Amino acid sequence: TDWQSMGGGGVVQLVTDKYTAWGDSAGIPWDDSAPLTSEGTEIFSQFFTPKYADSIIRIDVVVVGDQAGQTSAIVALFNNGVCVNAIASYGHDSPDNHNMLYTEPSANTSARTYSVRVGNMRINSSNDIPNPPLGGKYFSTMTITEIKTD
């Protein structure tokens, strides 16, 4: 839907996805290098084409999960295979919402793929729960919003 036609700027397009599977991810090293697309477990991959070259792209990621093992749980966002943001948390036996908010100018109307990889995490679950909690309604989400500012 193109809400831009209503005038005055605002949301142009919105794409959302959810990840409902649960289980342990592969690892992402907790070190001084940016995460790579060969590390961790990909939970989102969304093809996206901005409608305007002068808009803002906002990406909201909420990954539900618990640290697996003795290292930080990591969430990494990629734009066409290049890591553009990463967050980490450390906490054991307590599921957390790992929240990421990232914005960038669209810069052009070229198609791109945004993906999210997680590492060292029990995704959509907790170390002390053997099955998906809350009847499987406990899941992770990614939302991409294009915003026109004028």
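Look up: the structure comes first, before these words.
Quick caveat: nothing in here was measured; it's all calculated off a predicted structure.

**Examining the nonpolar core**
Thinking step 1. Counting 19 residues, the largest nonpolar core has Ile 59, Val 61, Val 75, Val 116 and Val 118 as its most contacted members.
Thinking step 2. Those elements giving two or more residues to this core turn out to be β3 (41-48), β4 (56-67), β5 (73-79), β7 (96-105), β8 (112-119), β9 (121-123) and β10 (140-148).
Thinking step 3. In terms of residue count, β4 provides more of this core than any other element does, four residues in total.
Thinking step 4. Residues contacting Val 75, with those up to four places away along its chain left out, are Val 61, Val 63, Asn 85, Ala 86, Ile 87, His 98, Met 100, Val 116, Arg 117, Val 118 and Met 121.

**Comments concerning the pattern of salt bridges**
Between side chains of opposite charge, a pair can form as their charged atoms come close.
Thinking step 1. Scanning the model with the defined rule gives five salt bridges in all.
Thinking step 2. A salt bridge links Asp 24 to Arg 122; the nearest nitrogen and oxygen atoms lie 2.7 Å apart. Taken together, the residues span a long stretch of sequence, with Asp 24 in strand β2 (residues 23-24) and Arg 122 in strand β9 at a distance of 98 residues.
Thinking step 3. The shortest N-O distance in the salt bridge between Asp 54 and Lys 148 comes to 2.8 Å. Placement of the pair is Asp 54 in the loop between β3 and β4 and Lys 148 in strand β10, with a sequence separation of 94 residues.

**Digging into unusual backbone geometry**
Thinking step 1. The phi dihedral of Asn 80 falls on the positive side, at around 50 degrees, and the residue is not glycine.
Thinking step 2. In the Ramachandran plot, Asn 120 falls in the positive-phi region, its phi being about 60 degrees despite a non-glycine side chain.

Rules used throughout
Throughout, a residue's number is its position along its own chain's written sequence, starting from 1. In keeping with the predicted nature of the model, local features appear solely for residues at pLDDT of at least 70, side-chain atom pairs appear and are counted solely at 80 or more, and the whole-chain, interface and lining totals rest on all residues. For the side-chain quantities, the full set of heavy atoms in the structure was used; hydrogens and water were omitted. Here the nonpolar core consists of buried residues drawn from Ala, Val, Leu, Ile, Met, Phe, Trp, Tyr and Cys, with membership extended through side-chain atoms lying within 4.5 Å. Exposure is judged per residue with a 1.4 Å probe applied to protein chains only, and the accessible area is read against the type maximum: over 50% gives exposed, under 20% gives buried, and values in between give partly exposed. Counting from the N terminus, the helices are the DSSP runs of H or I reaching at least four residues and the strands are the DSSP runs of E reaching at least two. Two residues form a contact once any of their heavy atoms are found within 4.5 Å. We define a salt bridge as a contact between a side-chain nitrogen of Lys or Arg and a carboxyl oxygen of Asp or Glu at a distance within 4 Å.

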